[in-house]
Amino acid sequence: MSGFEDDLQKEFVAEALEHLANIEADLLTIEEGGANIDEELVNKVFRAAHSIKGGSSFLGLNKIKDLAHKAETVLDMVRSRQITPNPETTNILLGAFDKLREMIANAAESENADILEHVESLNRLATSYLAAGQKESLGTTAVFLPEHESAPVSIPETDLQRAKRTGQFIYSVQYDLIHDIERKNKNVLSVFNELYDSGEILDCALDFEAVGGLDEDISNKIPLRLVFATILDPDVVGTLLDVEAENITLIFDPNGAPESPAQTAVSQIDPAPSPAGAPRVEALARPRVEVSAPPVAQAPPTTFVPPAALPANDKQEAASTNKAVASAAESTLRVGVDLLESLMNLAGELVLSRNQLREAVAKKDHRALEVTSQRINLVTSELQDAIMQTRMQPIGNVFGKFPRVVRDIAHATNKEINLDIRGKEVELDKSLVEGLSDPLTHMIRNAADHGIEPRAERIRAGKNGLGTIRLEARHEAGLVVVEVADDGKGLDPRKIADTALKKGLITQDKLQRMSDKDKIGLAFLPGLSTAEQVTDLSGRGVGMDVVKTNLDRLGGKIEIESELGSGTLLRIKLPLTLAIIPSLVLTARGQRFAIPQINVVELLRIRAEQVKKRIEVVGDAEVLKLRDEIVPLVRFVDFLGVPRSYFDPSTGQNEMCRRTSLADRRSPRYEGGDDAGGPQTANAWSDRRRKDDRRSSAESDIEIVVLTTGIMKYGLVVDSFQNTEEIVVKPLGRHFKGLQEYAGATIMGDGKVALILDVNGLAALADLRSLSGSSRAMQLQTEAENEHLKDLLALLLFQNAPDEVCAVPLDMVLRIERIGGDQIETAGGRRTMQYRGVSLPLVTLSDVSRVKQIDEKSGLVVIVSNVHGSEVGLLGAMPVDVVESKSAIDQSIHRQPGIAGSMIIRDTTVLLTDIYELVSAVYPEWGVPRAAMPTAEKQVALTVLLAEDSDFFRTQVKRFIEEEGFSVLTAPDGEAAWEVLDKYADIVRAVVTDIEMPRLSGLGLTRRIRSDPRFSSMPVIGLTSLAGDQDIAAGQAAGITDYQIKLDRDKLIESLRDLLQARLA
Amino acid sequence: MIENDSRDNEQQMLVSTFFLGEAAFGLDTAYIQEVVRVADITPVHRAPSYLLGVMNLRGRIATVIDLGLKLELGRTEIRENSRILILECEGEQIGLMVEYVADAISIDRADIKPSPENVRRVQGRYVKGVFETEERLIALLDTSAVLAMEDGQEATW
């Protein structure tokens, strides 16, 4: 094979494999979407098949071309919604793409491959979806004979129809490989790639007939004929094609008759093509002409290989080709253009430095020599770094294959498994990514095969029938963490322990001292996992020691957590030695440090005048008030202690070490030249701090970086922040192993070393956990974290009397109108106003509650709500305001008719108006139920379970529902609700649940309800205070029947009634 | 450069000599990867004080030891002529900061004598032996002892 073609083929293989890399995931996504076609995605897969077809066609790889073409046809039918993707179609397509990958990886042998099975399935698939009249089009070819061309052009009928459908022109284009492509510094594949952007290449062939002329030197021209379909019209297509106009012939015009009166002949070929798969008509278009000079891609004669002649052992073949796939994939690497550019720059610098070096040597200039040598030193290390960076790969490269793995296992074992992949973008060194592939496959297989139970078993266990495997990668505390978690049956520690004992891997004595967690860890013991009975008993543990060994080799750690019945979590921690991590660079005492960005929560600058307010001393510790949180503070300079002795090249001086004691972990700060040592007492420490006048001086803004260890937050006071940089982590020497505060070191842009701080280590060093101040801080923080469980209630605040602030839930408010006092009419002791042509009843709090009369002077507002189906106006006074509050609602102090309770908002007591109660008191006749109540006997049976953690909402909602004649059982959280439901399964007819609750959330409760066959049709109404679309979607996914707003009594009752009636009927 | 490679000739040994204050020391050149000028050294806080810090050695992080402090002779003065001897140890580069580097000399192994009593007392564990040149007595350092991690060092510091 000529070098030219060889290179091209290599490029084709690399490109094609890249196209194929994510096909599986894409096909699975397409299948998931079903009839809801994601056109872009289908297009992407289509393009992959299409470009493989183009390239292989040029290279004469006919088998590849044929299979790609069939796949393309099916994909086009998916795209045009003729085929709805389902598992069957996906299987066929996956099989075809697998075969393609196999053939491409071994392109030289691809002509001997057997594609019959795949071609037939694809054909069957296409045929079964085609309309009766179209079926024959599948195997036929339309032949055009363009005016100026000697050879007929044949186009598969399916392609022609696609062009017609999409309004594409079809052109026959004559390229000259030498003048149009080689001389323009292009290659065929890049030309093809350009064309793919604007159309489709239906066929391509080297066409020697077309040259024919005697006046031309035949060896100087290698004609390539393309059949190109595009929506570009003849006027503009020339620009794209970049060939002389005379070489473009329009052979099909979607708008009318073809420009060149083609003799359209349709020749029928066998719908099931011959195993060789070479369309015969096409052979006409590619006459075999022997040309000796030009190194062209000539189609090897297609040889028919009878199936019997194929390798008997398919497995062997598959194995060898798999290997070929792997090696082909590894031989190329994608590198970002940015990085490539910086490599180029560095290479340029290196050349420059070399020139300087030669000059310096020639002149024997000692000084210049030194400078140059330093420069080369710097450039070389940067070059090395940059080259290392080219090795960084997203972990998604490994993750990509798992949807298929899971799907296949789910298919084979008849389970329903959802694979949730997160953190694909996390980058790791290429070798780590590759090394992770096997252990992860193993873990995923285990999870799918042994972890997740069959649907029926899951439902029996009260779980969602659909099992979930979560695969997640992330940076955590400077490590790359990869987790595989399933919600399957979990591991039984006793069984693992028994097996380990039986196999003599552990002594009884030792076992007795082990916790369940330790026992589960035994799964990693070499020798244990190969035991078959473990597989049978625990359903897990196969090859876990192999996984561990693999990870040990990568320098990784694996942890296992499992709870019998609820799932298993495997966590891999990889060192970041090879990883590149984005980091915040900060300075303290003129020295730079890096902190992994993953640990950084936020950056704060506290203005000098704010310092007193924001930073407080609790015990002997400083804490920062950060919104609702109290965060312990660590002064980084305290940690650094006194600058250590180091050589300062700028001054040529050796700085003195004024360190006191190594044991002095907190190296107190020194004032002035105070060199006296010894650890100071906590008192002296805080005394000194109080004396510290930094806070009052003008330039004493404080810079704080708030860090998280994953468990706790703390603030690090630094001198200044610099920027965020991607840094390459390098290990520190073994002399520093004992220092937990460093995660490593990195080399900055200027060639100097900066240390990387370990956020966990620093926290431990500062002894944050035991400081009195911060334990309180931790407590406050826990409270703050529980804060989100409280309901966020949006309230409309208004004045009643000037010093009486009242509120109504914003959800109840239809409109707010400003009115004048003269608009109010009083008749029969009831107030109304003319409003939009009707009379609007008005109520005020003082009608029923012992509150002051409304102060009309400050301007009146009418808050319009809908109560029992009628509009009612609540009178209030200006100003009005809208707040969102999580404050607790007190139901005892201010509770009275019309007032549901009180809460503290912005240090003011706010009375929460109960508008239903108010209206019922003023208009008692309104409260008559509108719809016919269920009959008395049914009513007794109608019990509603209400789960709500807020006392206020629980009593309110309970009252609503009870007033409608239901009986209500209540529970303060999801777990309790589940217990109640389980106990009163016979009488509970509907569940009304809050979403955010401790212990078990409303969604969790719903999922549990849904997975229990007793309650599969139980209506579940989700209550929210603020329902976002996202929440609603999540609720629906969990199985919530309806969403209602907490205090919208009418809607809630209506919904409850509807659902129950539907159920009774 | 190396005429008498110690590995070729068991009897001969090429020793690089250098000074810490007035004291002269020698190190088998076979252990020395290179000698570099003093560049930026990043201090590592809270590390034992004989560890000066880390430096960038062509993209690798090298630990720099103050040999004077390590040998309990007091801090090494860093001057114009100061150099760092880079040793490779278990795949890791470790630099020894010395005051200045003198010649590399070839000695006969047979000429190495046990350290005198007084040397043994102070830096005994770091010194393999001594040998004499025309001008002075040179203490031959035991590389592995110098590069060893300091177990219990902090307690005696």
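Conventions adopted
Residues numbered from 1 in each chain as written. Chains lettered and ligands numbered in written order. Predicted model: local features only at pLDDT ≥ 70, side-chain atom pairs only at ≥ 80, totals over all residues. Helix = DSSP H or I, 4+ residues; strand = E, 2+ residues; numbered from the N terminus. Buried ≥ 20, exposed ≤ 12 C-beta atoms within 10 Å, placed from the backbone. Contact = placed C-beta atoms within 7 Å. Core = buried A, V, L, I, M, F, W, Y, C linked by C-beta atoms within 7 Å. pLDDT = per-residue confidence, 0-100. Pairing = 2+ DSSP bridges. Axes fitted to C-alpha atoms, helices over the stretch in contact; angles between N-to-C directions. Nonpolar A, V, L, I, M, F, W, Y, C, P; charged D, E, K, R; others polar. Parallel < 35°, antiparallel > 145°, perpendicular 65-115°, else oblique. Left-handed = near helix turned anticlockwise from the far one by under 90°. Expected span 1.5 Å × (residues − 1).

Participant: For the overall build of chain A, give the residues involved together with the corresponding values.
Facilitator: A tally of regular secondary structure across chain A gives 35 helices and 42 strands. Within chain A, buried positions represent 38% of all 1065 residues. Restricting the contact set of chain A to residue pairs at least 6 apart, pairs at least 24 apart contribute 67%.

Participant: Got a sec to walk through the overall build of chain B? Specific residues and values, please.
Facilitator: Within chain B one finds 4 helices and 10 strands. Taken from N to C terminus, the helices and strands of chain B fall in the order β-β-β-β-β-α-β-β-β-α-β-β-α-α. Going through the 157 residues of chain B one by one, you find that 39% of them count as buried. Intrachain contacts of chain B at a sequence separation of at least 6 include 48% that bridge at least 24 residues.

Participant: Explain the nonpolar core residue by residue, including any values.
Facilitator: All names here are of chain A. Residues I595 and L757 are the most contacted members of the largest nonpolar core, which totals 85 residues. Setting aside anything within four residues of it in sequence, one finds I595 in contact with S583, L584, L586, V600, V705, L707, L757 and V759. Ranked by size, the runner-up nonpolar core spans 70 residues in total, among them V805, L845, M903 and I961.

Participant: Summarise unusual backbone geometry; cite the residues concerned and give the values.
Facilitator: Although it is not a glycine, N414 of chain A sits at a positive phi angle of roughly 60 degrees. The phi dihedral of R46 of chain B falls on the positive side, at around 70 degrees, and the residue is not glycine. For R46 of chain B, the location among the structural elements is in the loop between β3 (32-37) and β4 (51-57). By the C-beta count within 10 Å, which is 22 here, R46 of chain B ends up buried.

Participant: Would you mind going over the environment of L357 of chain A in detail, with residue names and values included?
Facilitator: Residues and elements named next belong to chain A. Along the chain, the position of L357 falls in helix α13 (residues 337-363). On a C-alpha basis, the gap between L357 and T372 in space is 5.9 Å, while along the polypeptide they are 15 residues apart. Not counting residues up to four positions away in its chain, the partners in contact with L357 are T372 and I376.

Participant: Any details on the confidence of the model for chain A? Residues and values, ideally.
Facilitator: Residue and element names in this part refer to chain A. A residue-level look at chain A finds 74% of positions with pLDDT of 70 or above and a mean pLDDT of 73. Across residues 258-329 the pLDDT falls below 50, and counting only partners more than four positions away or on other chains, this stretch makes 113 contacts in the model. Within the model, pLDDT remains below 50 along residues 530-542, and this stretch shows 29 contacts once partners closer than five positions in the same chain are excluded.

Participant: Report on the sheet that holds strand β18 (residues 615-618) of chain A, specifying residues and quantitative values.
Facilitator: All names here are of chain A. Pairing in this open sheet of 6 strands is mixed, and the strands run β17-β23-β24-β20-β19-β18 from one edge to the other. Looking along the sheet, the strands with just one partner apiece sit at the ends: β17 (600-606) and β18. Here the strands of the sheet are splayed against their neighbours by 35 degrees on average, with no regard to which way each runs.

Participant: For the interface of chain B and chain A, give the residues involved together with the corresponding values.
Facilitator: Interfaces are often sized by the amount of accessible area the parts lose when they come together. With 30 residues of chain B in contact, the opposing surface of chain A contributes 31 residues. Taken together, the elements giving at least two residues each to the side of chain B that touches chain A come down to β4, β5 (60-66) and β7 (92-98) of chain B. The element best represented in the side of chain B that touches chain A is β4 of chain B, accounting for 6 residues. In terms of residue class, the side of chain B that touches chain A is made up of 15 nonpolar, 7 polar and 8 charged.

Participant: Break down the sheet that holds strand β2 (residues 23-28) of chain B for me, with residues and values.
Facilitator: All names here are of chain B. Pairing is mixed in the open sheet, where 5 strands are placed in the order β8-β1-β2-β10-β9. Single-partner strands in this sheet number two, and they are β8 (100-108) and β9 (127-132). Neighbour to neighbour, the strand axes of the sheet diverge by 35 degrees on average, direction disregarded. The sheet contact formed by strand β1 (residues 12-20) and β8 spans 7 bridges and is antiparallel. Counterpart to L14 in the pairing with β8 is S106.

Participant: Let's hear about the pairing of strand β3 (residues 169-176) of chain A: which residues, and what values?
Facilitator: Residues and elements named next belong to chain A. Across the 8 residues of β3, 7 count as buried, placing the element largely inside the fold. With 8 bridges joining them, β3 and strand β5 (residues 223-230) adopt antiparallel strand pairing. Looking across to β5, one finds that F169 is bridged to T230. Pairing of β3 with strand β6 (residues 248-252), which is carried by 4 bridges, proceeds in the antiparallel orientation. In the sheet register, S172 faces β6, and the bridge partner there is T249.

Participant: So what about the packing of α13 of chain A against helix α14 (residues 366-390) of chain A? Which residues, and what values?
Facilitator: Residues and elements named next belong to chain A. Relative orientation of the contacting elements α13 and α14 amounts to 160 degrees, with a least axis distance of 9 Å. In terms of axis orientation, α13 runs roughly antiparallel to α14. In terms of crossing hand, the pair formed by α13 and α14 is left-handed. Residues L339, S342, L343, L346, E349, L350, S353, Q356, L357, A360 and V361 of α13 form the contact with α14, whose own contacting residues are A368, L369, T372, R375, I376, V379, E382, L383, A386, Q389 and T390. Among the residues forming the contact of α13 with α14, the class breakdown is 13 nonpolar, 6 polar and 3 charged.

Participant: So what's going on with α14 of chain A? Residues and values would help.
Facilitator: All names here are of chain A. In this model, α14 (25 residues) spans 36 Å end to end at C-alpha, consistent with the 36 Å of a helix rising 1.5 Å per residue. Those residues of α14 lying buried are T372, L378, V379, E382, L383 and A386. Looking at the buried side of α14, the elements it contacts are α13.

Participant: So, the packing of helix α2 (residues 23-33) of chain A against helix α3 (residues 39-59) of chain A: which residues are in play, and what are the values?
Facilitator: Residue and element names in this part refer to chain A. Where α2 meets α3, the axes come as close as 10 Å, and the angle between the chain directions of the two elements is 140 degrees. It follows from the interaxial angle that α2 and α3 lie oblique. Handedness of the α2/α3 crossing: left-handed. Every residue of α3 that contacts α2 at I23, D26, L27, T29 and I30 is listed here: L41, V42, K44, V45 and A48. Residues belonging to the contact of α2 with α3 are distributed by class as follows: 7 nonpolar, 1 polar and 2 charged.

Participant: So what's going on with the confidence of the model for chain B? Residues and values would help.
Facilitator: Interpreting fine coordinate detail is not advised for predicted regions of low pLDDT. Residues and elements named next belong to chain B. Looking at chain B, pLDDT values average 81 and 85% of them are 70 or higher. Confidence drops under pLDDT 50 across residues 1-8; counting only partners more than four residues distant or on other chains, this segment forms 12 contacts. Both scores are given for the predicted complex: the pTM is 0.39, the ipTM 0.87.

Participant: Summarise the environment of E370 of chain A; cite the residues concerned and give the values.
Facilitator: Checked against the element boundaries, E370 of chain A lands in helix α14. The spatial distance from the C-alpha of E370 of chain A to the C-alpha of A360 of chain A is 9.1 Å, given a sequence separation of 10 residues.

Participant: Which residues make up the environment of G873 of chain A, and what values go with them?
Facilitator: All names here are of chain A. Residue position: G873 is located in strand β35 (residues 870-885). Taking the number of C-beta atoms within 10 Å as the measure of exposure, G873 has 25 and is therefore buried. Excluding its chain neighbours within four sequence positions, the residues that come into contact with G873 are M833, L840, P841, L842, V862, I863 and V864.

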